[in-house]
Amino acid sequence: MTSTTVDVGTAGTVDPPARSFRPLVGVLTATAVSVTGTRVSAIALPWFVLATTGSATMTGLVAFAEMAPYVLVKALTGPVVDRLGPRVVSWTTDALSATAAGLVPLLHAQGLLPFWVLLVMVAVIGAMRGPGDLAKSVMVPEAADRARVPMERATGLSGVTERLASTIGPAAGGGLVALMGPLAGLAVNAATFALGSLIIALALPRGMGRPALPGAATGSPGSAGEGEQGTGYWRMFREGFAFLRSEPLLLAVTVMVGITNLLDAGFITVLVPVWARESGNGPAAIGLTTGAMGATAVVGSLIAAAVASRLPRRTVFFVGFLLCGAPRFVVLAMGAPMWVVLTVFAIGGFGSGFLNPILGAVLFERVPRHLLGRVHALGDSLAWAGIPLGGLVAGAAVALVGLIPSLLGAGALYFATTTLAGLRPEWREMDKLRGHSAGSGGEATGSTQVADDRWEPVPTHS
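Residues numbered from 1 in each chain as written. Predicted model: local features only at pLDDT ≥ 70, side-chain atom pairs only at ≥ 80, totals over all residues. Heavy atoms only, no water.

**Structural notes on the nonpolar core**
Line of reasoning, step 1. Grouped together as the largest cluster of nonpolar side chains are 104 residues, with contacts concentrated most on L118, F317, L332 and W427.
Line of reasoning, step 2. Sorting elements by how many residues they give to this core places helix α9 (residues 248–279) first, with 15 residues.
Line of reasoning, step 3. Ignoring any residue separated from it by four or fewer positions in sequence, one finds W427 in contact with L249, A252, V253, M256, R314, F317, F318, A421 and G422.
Line of reasoning, step 4. Ranked by size, the runner-up nonpolar core spans six residues in total, among them A100, A101, I125 and F193. (Core = buried A, V, L, I, M, F, W, Y, C linked by side-chain atoms within 4.5 Å. Buried < 20%, exposed > 50% of the residue type's maximum accessible area, 1.4 Å probe, protein only. Helix = DSSP H or I, 4+ residues; strand = E, 2+ residues; numbered from the N terminus. Contact = heavy atoms within 4.5 Å.)

**Some details on helix α15 (residues 372–383)**
Line of reasoning, step 1. Taking 1.5 Å as the rise per residue, α15 with 12 residues should run 16 Å; its terminal C-alpha atoms sit 16 Å apart, in good agreement.
Line of reasoning, step 2. Of all 12 residues making up α15, 11 are buried, and the element is well covered by its neighbours.
Line of reasoning, step 3. Every buried residue of α15 is accounted for by L372, G373, R374, V375, H376, A377, L378, G379, D380, S381 and A383.
Line of reasoning, step 4. As for α15, its buried residues are in contact with α2 (56–76), α3 (78–84), α5 (115–147), α8 (233–245), α9 and α14 (355–366). (Expected span 1.5 Å × (residues − 1).)

**Thoughts on the packing of aromatic side chains**
Line of reasoning, step 1. For the coordinates displayed, the defined rule picks out seven aromatic pairs.
Line of reasoning, step 2. Taking 4.5 Å as the distance between ring centres and 50° as the angle between the ring planes, the aromatic pair formed by F267 and F329 counts as tilted. In this pair, F267 is assigned in helix α9 and F329 in helix α12 (residues 326–333), connecting sequence segments 62 residues apart. Both residues of the pair, F267 and F329, count as buried.
Line of reasoning, step 3. Taken together, a centroid distance of 5.5 Å and an interplanar angle of 75° make the contact between F350 and F354 edge-to-face.
Line of reasoning, step 4. Residue F350 is classed as partly exposed on the basis of its relative accessible area, which comes to 31%. (Phe/Tyr/Trp six-rings, centres within 6.5 Å; stacked < 30°, edge-to-face > 60°.)

That's the geometry; what it means functionally is another story.
In structure tokens, the structure reads:
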């Protein structure tokens, strides 16, 4: 997917492009801005719906209205990202998201925001966020190539960025909603979308994020564009699906993360807000718990970026899930004091910090660059398929059986999913192909980056 320029000297040798951290910094900054705004909105929007309707079911419906288009559009835009290039897709979708997000507080202030209009605006935001998030993620391997850093370090830094933004966003969102109301948080979300669009459009170096076609990943002059220029959309889509289906490890990851994402979606969008209201802790408690988890997740991601290549991936991966999964549900169901809740969330955050760097490196390592947009889009979309239903299921469960049984049931399912999955043989593949990146032809090739003597490499909670 890289589109670097090479110079051929008089002796016929090819000089590598100069090392530059600007692309990596640019992509990570845009990601940080986008995630921060999204996390602010994740507190402001549910609280706005709860405050105006008082209904957990309607709160879940709003979450569905955002995430269903997110998953569907993201699944279908992989070939578009590969053909048009991730840079164009990223800044245009962020600009459209900023427009839709900005209309919500403006329409409400004018008394022109009935519930169905809110659902439409939220659906537009979700539909644009999907390809925008995908495009930023697809640019990480190219940015790592240009900076000449190992892939697991780049994905680790990406994880740190996401976790840090996930810490700042909820903390700022909780305080902002408590002081100024939820509409202020929605306005901040619109501003961050606009800023992210400008960063991708203007701050990245020229030539960054071009279409990912065969030959581009190798940097061979004149080869990019040969072979796929005339390929139709559905053929490109089928090629991505066929590759994903041929990878048992990626399929196992997708199924397991899909279940945990469904449970996490219900937890974040319904169960935690209802707990905050029923316990009397208010919206600030949502920011505190999420912030505590995010702060320690940053620490975990930093450690993962530094030493993950020397650790057994499968063991670290499942221990991380054990820490960040079921205990969160149980501690809220127990009605524990706030300091205990924050401690459990902090321990869980530390474990979760190791997850995405490992998963991201596995993905970038195993998928050829010219297929990355398609495979990444399909894998993420399948893993996120349960997220739109998470809020609906959690809202219905609270209405039917109450908060505490809903928390305990979800926690038990989370534990079973993240424990039993580790017994399957596919997970042994996690520690293979260390120090390699997928070439344009689908074979694992030696990394062109500065390599560690060992290597390691969908959303879970990003």
